[in-house]
Amino acid sequence: MMSVIYAAAALVVGLIAGMIVHYFVVRAAGSKSVAAANQMKNDAEREAERILREARVTAKSDVLKIKEDFENEMKERRREIQASERRLAQKEENFDRKSDSLDAKVRNMENKEREIDQIKERLTGKEEELKKNILRQIDELQRISGLDREAATAMLLEKLKGEVENECGILIRNLVEEAKQKAERESQRLLMLAIQRYAGDCTYERTTATIPLPNDEMKGRIIGREGRNIRALEAATGVNILIDDTPEAVVISCFDPIRKEVARRLLEKLIADGRIHPTRIEELIKKIRKEIDDEVFDAGEKAVLDCGLQGVPKPLITLLGRLQFRFSFSQNVLKHSIETAAFMGTIAAEMGLDAQKARRIGLFHDIGKAVDHEVEGTHAAIGADLLRKYNEAKDVVNAVAAHHEEVEGTSLYAYLANACDALSASRPGARSETTELYLKRLEQLETIAGEFDGVESCFALQAGREIRVVVQPEKISEGQAQVLSRDICARIEKEMNYPGQIKVSVIRETRAVEYAK
């Protein structure tokens, strides 16, 4: 249709153009002949007819093309409609099938509900009958046994209680044994790994300062005229100098390890120099104290660097250095602290904890011993107060305060510090004990175990590392033996101080003896 419109428009435009041309030609020609004008008009009319024919042909072809496109589009639409109709028919068919299936299921459910109702009715009747039978049997049992229901229940509960206690004891024993085996394997692996990675020396050092003399005449020179030299020495150093009948030796006694070290060096220099008088003492004491202060700071700084710590305040470094002159059962406290830090760092890394923080706690755990002779309280509490004063982290402070279980630990680091402290102290050769303390610990072990009911005898073995408790089998069952071993362990942990761990073995044995005649 648009092509026809375009052709008509072209025809009109052609006619108008011909008329305009004719008008201008006639006007311009003026005097030209009418024949020439008609000729031009005829040409224009022929041109217009040609254009009209072409427009008609074009319009006709466009109409045919539009008709063909329209027919194709209608065919496509009809195909789509037919496909939609087929799909709708299929869905309707599926819906009909599902509806039939659902109706069948509903009928089946109704049948099952009716069957269930019938079963319930039968069960209700049987339940009533069963209750009546149970009541009759209970009455018959009471008549035969001569016991009422309460007495029979109490007897049954008492019997069950004994069986349950025995089974619980056996279960506890099995679970505890299994947990101990797993924990022992893992702890042994961690402790052996820590010990292998740290191969520190275990050397004994004297805790008393004995100064050798070249001859006994030197004792008189140390004492001086009317005792002025020894009084000057004791006043300048704050120690007690003991001069007795021991040949060629004097002993320095002091609770402060720094003062004792200053006095020791002072006496050695005076004896080597030969000039012993109050003025010389005052000159040397200042130099020696300056040397000791420098050594203390250097020792603390070296310990911090060896442990790989950062941000340690200078006052804490100085306190660490003072531990170089402090001993515990002949073990150097600074070396013990470095060793504990190494153990803690290794084990913490294996456990997925912060190794840097663990080493920090290990190095600081005994820092209170540097001033425990000046401040009241235990060294753990003093150390925690010092660390809190210098803004150490809360878990570090708590671990130091709790490493002897004086307070409750709030993190794994506290229990790790306790274990590594004991590990360092209990290594072979690390510390020494007197025979009196050793025998006292064995006696205390046997006393604690012997105070429990049912214990026949007990023996401390392996230098106090194990105690074997023999119980009376008629009083202690297998399950109760497991509970007894745990109670003894809890009592030992509460009342005794000891290195490492103590194994408690409860032995229950029944023997049947006969003689063949």
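Residues numbered from 1 in each chain as written. Predicted model: local features only at pLDDT ≥ 70, side-chain atom pairs only at ≥ 80, totals over all residues. Heavy atoms only, no water.

A. Examining the nonpolar core more closely. Ranked by internal contacts, the top residues of the largest apolar core, which has 42 residues, are Ile361, Leu363 and Phe364. Among the secondary structure elements, those contributing two or more residues to this core are helix H7 (278-306), helix H8 (314-322), helix H9 (333-351), helix H10 (355-364), helix H11 (379-389), helix H12 (394-401) and helix H13 (412-426). Among the elements that take part in this core, H9 stands out by supplying eight residues, more than any other. With near-sequence residues (within four places) excluded, phenylalanine 364 lies in contact with Val312, Leu316, Leu320, Leu387, Glu392 and Val400. (Core = buried A, V, L, I, M, F, W, Y, C linked by side-chain atoms within 4.5 Å. Buried < 20%, exposed > 50% of the residue type's maximum accessible area, 1.4 Å probe, protein only. Helix = DSSP H or I, 4+ residues; strand = E, 2+ residues; numbered from the N terminus. Contact = heavy atoms within 4.5 Å.)

B. The pairing of strand E7 (residues 466-471), seen in detail. Pairing of strand E6 (residues 455-461) with E7 involves six bridges; the strand directions are antiparallel. Considered in E7, the bridge of phenylalanine 459 is made with arginine 468. Here E7 pairs with strand E8 (residues 503-508) via six bridges, running parallel. Residue pairing across strands places valine 471 opposite arginine 508, the latter belonging to E8. (Pairing = 2+ DSSP bridges.)

C. Focus on the pattern of salt bridges. Within the structure shown, the criterion is met by 25 salt bridges. Residue glutamate 47 is joined to arginine 50 by a salt bridge in which the shortest nitrogen-to-oxygen separation is 2.2 Å. Here glutamate 47 and its partner arginine 50 are both found in helix H2 (residues 34-145), three residues apart, which amounts to about one turn of the helix. Assessed through its relative accessible area of 32%, arginine 50 is described here as partly exposed. Among the salt bridges present, the one from arginine 275 reaches aspartate 273, with a minimum N-O distance of 2.8 Å. Under the relative-accessibility criterion, aspartate 273 is labelled partly exposed at 33%. (Salt bridge = Lys/Arg side-chain N within 4 Å of Asp/Glu carboxyl O.)

D. Main features of the sheet that holds E8. Pairing is mixed across the open sheet formed by three strands, whose spatial order is E6-E7-E8. Because the sheet does not close on itself, it has two edges, and the strands there are E6 and E8. On average, each strand axis in the sheet is tilted by 20° relative to the strand beside it, whichever way the strands run. Seen against the sheet, helix H15 (residues 478-495) touches E6, E7 and E8 and runs at an angle of roughly 150° to E8. (Axes fitted to C-alpha atoms, helices over the stretch in contact; angles between N-to-C directions.)

E. The packing of H9 against H10, seen in detail. For the pair H9 and H10, interaxial distance at closest approach is 7 Å and the crossing angle is 155°. Regarding the angle of H9 to H10, the classification is roughly antiparallel. The way H9 lies across H10 gives a crossing that is right-handed. Contact residues: Ser337, Ile338, Thr340, Ala341, Met344, Gly345, Ala348 and Ala349 in H9; Ala355, Ala358, Arg359, Ile361, Gly362 and Leu363 in H10. When the residues that make up the contact of H9 with H10 are grouped by side-chain class, the tally is nine nonpolar, four polar and one charged. (Parallel < 35°, antiparallel > 145°, perpendicular 65-115°, else oblique. Left-handed = near helix turned anticlockwise from the far one by under 90°. Nonpolar A, V, L, I, M, F, W, Y, C, P; charged D, E, K, R; others polar.)

F. Representation of the environment of proline 257. Along the chain, proline 257 turns up in helix H6 (residues 257-273). Taking C-alpha positions, proline 257 is 9.9 Å from valine 239, a pair spaced 18 residues apart along the chain. Apart from the residues lying within four places of it in its own chain, the contact partners of proline 257 are Phe325, Arg326 and His373.

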